[in-house]
Amino acid sequence: MKITDITLDRLRYDLDPPLRAAWDPQPRRSVDATIVRVHTDEGVTGIGSGDTMDGFDAFRHLFVGRDPLEVSRHVRAIETCNVHGGHYWPLEAALWDIVGKVVGQPVSVLFGNAARRVPAYASCCVLRSPAERREVAHRVVAEDFRAMKIRIDRDRVEEGVAAVAAVRDALGDDYTIMVDLNQSWRMAGDTAPATDLASIRRLVRRLGELGVFWVEEPLPYADVEGFRTLRAENPGLRIAAGEMLRSMPELLRYLERDVLDVYQCDVVLAVGMSRARTLAELAALKHRAFTPHSWTNGIGVLANLHVAAGVGGGPFFEFPYDAPDWTPQRRDFMLAEPLRVDDTGHLAVPDAPGLGVVLDEDVVERYRVGA
Ligand SMILES: [Mg+2]
């Protein structure tokens, strides 16, 4: 089998009304998605998405003409592109999609088949008042999620803590609530310093008193010892991070120094599917958790889901959701059907061979940039 071409569909989907995620300096009026298709001489086509694939044209020749099933070689080749180009992990997802289709199995089976469905948490993105957040929390429960994650902005800490307290009050002591501090970060161009360690120590202690399950990215990644301090001081909660660590040596250093409870590298943004499996297995051997970040689109969610379900990731899987602002329809606009959790709050791995991506080709045409 040979790769005959790798094509990119660049889509832009309008958001009306606009979305203002916690990390966005301005309301977002559209979302972009790049769909990678790996075409073969045997008529099997692999699909991936997640990162932008900007600059990939200069590297396409490294893959075209080769056997798509040589995934290990392609993973190493993608890593060699990371210096001068981008992070082309959606290509690896498309290759695994081909492997799954060739052997007639979901990719999660090839990754170990630990589970066919994973409990999902509603990963909320909008900064809301405590009253609004409480309202969304009731909706999240009504839609069967067993857990939810709330963002706290570095400039609105009191409001954020009050929102967590309001949700705890509304949903009771047993409901699982996570909090994401996003390293005090927003988007490209935000050069303001992160919140200092002393303030974060106080904040994490308060979140522990509210029964928070994990606190995510409380500190910038440079502060490895700070993560260790937070873990030692707060034995009742977990420290999660890793979605923005984009090299295995960094992740392995974190693992060796045992500074996190939960490792979250995204398989289409950070280190790819194969490397994430390695990381997940090493974490499991140390009795630490792996559950990937999945904040891209439905195809990226699926790629992450296959790895998480394959390796036995958990205990909860990130499901980007903050209705009415961020809905499965908006996130998965290119899919024939948006992904949804079942009535027990689990996200099921599709039964179809490969990743189980079913595109709505009419939508792809409609939202193609330049169409
Ligand atoms: Mg996060």
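Given the structure is predicted, the values throughout are model-derived calculations rather than measurements. (Residues numbered from 1 in each chain as written. Predicted model: local features only at pLDDT ≥ 70, side-chain atom pairs only at ≥ 80, totals over all residues. Heavy atoms only, no water.)

Taken together, the protein donors to the magnesium ion comprise Asp-180 (OD), Glu-216 (OE) and Glu-243 (OE), at separations of 2.0 to 2.2 Å. Counting gaps between the donor residues of the magnesium ion yields the pattern D-x35-E-x26-E. Of this pair, Glu-216 sits in strand E7 (residues 214–216) while Glu-243 sits in the loop between strand E8 (238–241) and helix H8 (248–257); the two residues are 27 residues apart in sequence, bridging distant segments of the chain. In this structure Glu-216 comes out as buried when scored by relative accessible area, which is 1%. (Donors = N, O, S within 2.8 Å, 3.2 Å for Na, K, Ca; no water. Helix = DSSP H or I, 4+ residues; strand = E, 2+ residues; numbered from the N terminus. Buried < 20%, exposed > 50% of the residue type's maximum accessible area, 1.4 Å probe, protein only.)

Turning next to the sheet that holds strand E2 (residues 28–40). What the three strands build is an open sheet, ordered E1-E2-E3; its pairing is antiparallel. This sheet does not close on itself; its edge strands, each paired only once, are strand E1 (3–19) and strand E3 (45–49). Within this sheet the neighbouring strands show an average axis-to-axis angle of 20°, counted without direction. Relative to E3, E2 runs antiparallel, the two sharing five bridges. (Pairing = 2+ DSSP bridges. Axes fitted to C-alpha atoms, helices over the stretch in contact; angles between N-to-C directions.)

Our focus in this paragraph is the domain arrangement of the protein. Buried accessible area, meaning the area lost when the parts come together, often serves as the stated size of an interface. Here the protein is described as being made up of domain 1 (3–105 + 359–366) and domain 2 (109–348). For domain 1 versus domain 2, the distance between C-alpha centres works out to 24 Å. Each partner contributes to the interface: domain 1 provides 38 residues, whereas domain 2 provides 36 residues. Interface area, domain 1 with domain 2, both sides summed: about 3000 Å², of which 67% is carbon and sulfur. Area buried by domain 1 at its contact with domain 2 is led by Ala-22, Trp-23 and Trp-96, which between them contribute 24% of it. Linking domain 1 to domain 2 there are two salt bridges. Linking Glu-79 and Arg-275 is a salt bridge whose minimum nitrogen-to-oxygen distance equals 2.8 Å. Linking domain 1 with domain 2 are ten residue pairs in polar contact (both at pLDDT 80 or more). (Domains from an automatic or database assignment. Contact = heavy atoms within 4.5 Å. Buried area = accessible area lost by both parts, 1.4 Å probe. Salt bridge = Lys/Arg side-chain N within 4 Å of Asp/Glu carboxyl O. Polar contact = N/O pair within 3.5 Å; in protein donor to acceptor, adjacent residues only side chain to side chain.)

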